[in-house]
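So the chains spell out like this:
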Amino acid sequence: MKTLLETAGLRKVYTAGKIQIEALRGVDLRIREGELVAIMGPSGCGKSTLMHVLGAMTKPTAGKVVIDGQEISGMGDNELTRIRRDKIGFVFQKFNLLPTLTARVNIDIARYIHGNGVRSNGHDQHLREILRLLMIENKMGRKPSELSGGEQQRVAIARAVANQPAILLADEPTGSLDSKNSEVVLNMFRELNRKFRQTVILVTHNPELAAFTDRLIEMRDGVIVGDNDSVSWDTEGELAQPAPSV
Amino acid sequence: MIIAGLKARPVRTTVSLLAVALEVVLILVVVGLTSGISDETGRRTEGVGADILLQPPNSSLFLALSNTTMPIVLRERLRELPGIKAITPVQTLVNSSAGLEIIYGIEPDTFDAVSNGFIWHKGRLFNAPDDVVVDDIYAKAKGVTVGDTVELVNHKFKVCGVVEHGKGARLFISLKTAQEMTGQTGKASLFFIKLTDPDRVETAIAEIKRLLEGYGVIPLREYARLMMSNSMPALDAFISSVVFIALCIGVLVIFLSMYTTITERTREIGILRSLGASKTFIVTLIFEESAAVCSAGALIGIGSSFLIARIIMAVFPTLTILITPDWITRAVIFAVLSGIIGTLYPSLKAAKQDPVEALAYE
């Protein structure tokens with residue numbers, strides 16, 4: 001299977017005033033196309049930081065990060081933006097829909113930014129299928145304030161996958177939902193993964209969410225402490241060597 | 001997205017629109033007023049019907065600012081020149097008690113010969129030293145009619161007639177009275193000269209200049225053009241100051257509006273960046289929103305300017321506000337310019353925001 005995400009010796013250090021905070025302390029990770037992965041750990045373990053790096057929202061301090069064959073460590077802002085636009089779809093805990101726009105326009109904005117403003121039949125067909133799968137076809141004319149939490153999150157998922165990104169990253173996607181809507185949303189992720197072979201990475205502190213995924217990566221204190229990956233790296237060739245510190 | 005953004009904050013959008021409109025109104029009405037007064041005065045002077053205006057040396061084109069005079073006997077020498085049909089002397093006074101009003105002291109018979117006479121609405125010509133003839137616009141503005149008393153240059157005058165406007169001044173008294181009031185007996189501020197053949201204006205001017213060296217001699221058809229504001233350096237400076245102040249108002253309000261907008265929408269900007277929007281996209285979005293406000297504000301400003309001009313001219317009939325296509329274009333450009341300058345810093349600040357921090361902004 002094609003490797004979509006790969007990190008080697010990944011470190012991320014934040015500076016808060018005079019204090020340096022090492023959020024990631026050497027993360028080695030490989031995620032393949034079509035996987036449904038949960039990254040789990042307690043608050044402050046670095047999982048959100050890992051998501052931001054994997055999503056090209058920020059660059060690593062040291063180490064190697066390869067997203068769909070492109071190494072991002074030396075990239076500038078424009079290149080990172082392009083990676084985000086072309087390869088990544090984000091789903092956030094707080095939905096992060098644009099409040100003044102309808103659900104339809106929230107999705108269209110993503111397509112416009114991607115350059116899919118001129119609609120092709122293929123894209124429209126895909127989007128229609130997604131909206132049907134997410135059961136939000138008849139909610140498109142509503143603004144976020146007129147939608148329930150679950151509906152908002154499903155619109156956010158539709159926005160994230162509208163451009164068929166290589167990777168869908170979801171940061172605590174059920175954190176603002178009740179249990180019923182949480183289950184609906186998690187089932188949606190699984191459907192996307194099964195039906196469209198969408199690579200999905202869920203970041204969470206909730207162990208129940210892990211049951212919906214095929215693979216669980218556990219983090220603690222900025223490092224990976226567990227990974228129930230059924231495929232051995234050795235069968236895929238040599239382990240990537242970490243790059244020198246940036 | 002732009003319209004939605006503007007509609008989401010209606011008060012701020014309205015204030016920004018009104019500020020840009022105010023900027024445009026300030027420019028168009030003030031410039032229109034100065035241009036209008038100059039232009040209207042010039043056209044009224046042209047309306048006397050003469051071909052040439054003769055003034056003493058060192059006179060100002062602005063009759064209200066000129067107090068030089070010349071002997072009336074000079075016209076005898078001018079009459080000897082070929083092609084001269086009629087010459088009428090005028091002694092000008094300025095009444096400054098309520099604004100700035102020019103009064104013509106005239107010889108009725110020679111003034112008629114040059115101007116083809118007044119068109120009378122009411123009354124008659126003066127036959128007493130304290131009689132005054134007013135034009136219809138003055139009569140309407142001051143609410144006076146035949147028989148009423150008006151105070152001009154600290155003298156009381158009785159209105160003896162009301163005439164159609166457009167013959168130079170709005171107020172006419174006898175030349176003798178004007179000379180006595182100014183202590184210029186036997187003198188005049190200017191001559192209006194009518195030719196038998198108007199096409200000979202340039203030739204006649206050359207002959208008059210040879211005869212009277214140093215005197216101001218201009219074809220009257222040029223007078224209105226010379227009176228226009230762009231021929232007067234002091235007025236240019238005034239207009240430039242007004243335009244600069246208006247521009248500053250526009251820049252500051254747009255800056256404040258856009259700055260608070262991007263602060264409030266930090267999270268939205270973070271969302272767009274997480275979707276892959278480039279810095280250029282963010283800057284363009286902010287500029288487009290500003291452009292929408294400035295364009296709409298400019299349109300409102302233009303419409304308001306015409307409305308305000310109408311109201312002012314209805315309340316003060318002696319005033320003219322001239323709003324020209326040239327200045328409308330300039331006002332719109334200034335409005336857009338103020339939008340660009342005011343938006344520059346906020347848009348660049350918005351684009352530089354870190355997407356992770358922006359998404360975490362509460």
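Calculation criteria
Residues numbered from 1 in each chain as written. Chains lettered and ligands numbered in written order. Predicted model: local features only at pLDDT ≥ 70, side-chain atom pairs only at ≥ 80, totals over all residues. Helix = DSSP H or I, 4+ residues; strand = E, 2+ residues; numbered from the N terminus. Rg over C-alpha atoms; globule rule 2.2 N^0.38 Å. Buried ≥ 20, exposed ≤ 12 C-beta atoms within 10 Å, placed from the backbone. Contact = placed C-beta atoms within 7 Å. Nonpolar A, V, L, I, M, F, W, Y, C, P; charged D, E, K, R; others polar. Pairing = 2+ DSSP bridges. Axes fitted to C-alpha atoms, helices over the stretch in contact; angles between N-to-C directions. Parallel < 35°, antiparallel > 145°, perpendicular 65-115°, else oblique. Left-handed = near helix turned anticlockwise from the far one by under 90°. Expected span 1.5 Å × (residues − 1).

1. Comments concerning the overall build of chain B
Right, on to step 1. On a plain count of helices and strands, chain B comes out with 13 helices and 12 strands.
Right, on to step 2. Whereas a compact globule of 362 residues would reach a radius of gyration of roughly 21 Å, chain B reaches 29 Å, over 25% beyond that.
Right, on to step 3. Along the longest, intermediate and shortest principal axes, the C-alpha atoms of chain B span 90 × 45 × 30 Å.
Right, on to step 4. Counting across all 362 residues of chain B, residues that qualify as buried make up 40%.
Right, on to step 5. For chain B, contacts bridging at least 24 residues in sequence account for 82% of all contacts bridging at least 6.

2. Concerning the interface of chain A and chain B
Right, on to step 1. On the side of chain B, 16 residues touch chain A, which itself brings 17 residues to the contact.
Right, on to step 2. The greatest single-element share of the side of chain A that touches chain B, amounting to 5 residues, is contributed by helix H2 (residues 77-87) of chain A.
Right, on to step 3. For the side of chain A that touches chain B, the residue count by class is 7 nonpolar, 7 polar and 3 charged.

3. Side note on the sheet that holds strand E5 (residues 70-71) of chain A
Residues and elements named next belong to chain A.
Right, on to step 1. Across the sheet, which stays open at both edges, the 4 strands sit in the order E2-E1-E4-E5 with antiparallel pairing between neighbours. Edge positions in the sheet fall to strand E2 (19-32) and E5, since each of these pairs with one other strand and no more.
Right, on to step 2. Across 11 bridges, the pairing between strand E1 (residues 3-16) and E2 is antiparallel. Following the sheet pairing, Thr 3 is matched in E2 by Arg 32.

4. Section: the packing of helix H5 (residues 149-161) of chain A against helix H6 (residues 179-196) of chain A
Residue and element names in this part refer to chain A.
Right, on to step 1. Between H5 and H6, the shortest axis-to-axis distance is 9 Å and the interhelical angle comes to 20°. Compared by their axis directions, H5 and H6 come out roughly parallel. In this structure, H5 crosses over H6, and the sense of that crossing is right-handed. Between H5 and H6, the contacting residues are Gly 149, Gly 150, Gln 153, Arg 154, Ile 157 and Val 161 on the first element and Asn 181, Val 184, Val 185, Met 188 and Leu 192 on the second.
Right, on to step 2. Its residues assigned to classes, the contact of H5 with H6 shows 6 nonpolar, 4 polar and 1 charged.

5. Some words on helix H6 (residues 175-182) of chain B
All names here are of chain B.
Right, on to step 1. Burial in H6 covers these residues: Leu 175, Thr 177, Ala 178 and Gln 179.
Right, on to step 2. On its buried face, H6 is in contact with strand E3 (84-95), strand E4 (101-106), strand E9 (171-174) and strand E10 (187-188).
Right, on to step 3. Positive phi shows up at Gly 183, right after H6, with a value of about 65°.

6. Quick word on the packing of helix H3 (residues 103-114) of chain A against H5(A)
To characterise two packed helices, one gives the angle between the axes of the helices and the distance between these axes.
Residues and elements named next belong to chain A.
Right, on to step 1. Where H3 contacts H5, the two axes come as close as 8 Å, and the packing angle between them is 25°. Here H3 lies roughly parallel to H5, going by the angle between them. Classified by chirality, the crossing of H5 by H3 is right-handed. Contacts between H3 and H5 pair Ala 103, Asn 106, Ile 107 and Ala 110 from the former with Val 155, Ala 158 and Arg 159 from the latter.

7. A short note on the environment of Lys176(B)
All names here are of chain B.
Right, on to step 1. As for its position among the elements, Lys 176 is in helix H6.
Right, on to step 2. For Lys 176, a count of 13 C-beta atoms within 10 Å puts it in the partly exposed group.
Right, on to step 3. Sequence separation between Lys 176 and Leu 33 is 143 residues; the distance between their C-alpha atoms is 34 Å.

8. Examining helix H11 (residues 279-315) of chain B
Right, on to step 1. Between its first and last C-alpha atoms H11(B) spans 53 Å; for 37 residues at 1.5 Å apiece the expected length is 54 Å, and the two agree.
Right, on to step 2. The complete set of buried residues in H11(B) reads Ile282(B), Leu285(B), Ile286(B), Glu289(B), Ser290(B), Val293(B), Cys294(B), Gly297(B), Ala298(B), Gly301(B), Ser305(B) and Ala309(B).

9. Looking at the sheet that holds strand E3 (residues 36-40) of chain A
Residues and elements named next belong to chain A.
Right, on to step 1. Taken together, 6 strands build an open sheet; the order of strands is E6-E7-E8-E3-E9-E10 and the sheet is mixed. Either end of the sheet is taken by a strand with one partner, and the two such strands are strand E6 (88-91) and strand E10 (223-227). In this sheet, neighbouring strand axes are inclined to one another by 20° on average, regardless of whether the strands run parallel or antiparallel.
Right, on to step 2. The sheet contacts of H5 involve E6 and strand E7 (167-171), and relative to E6 the element is tilted by about 170°.

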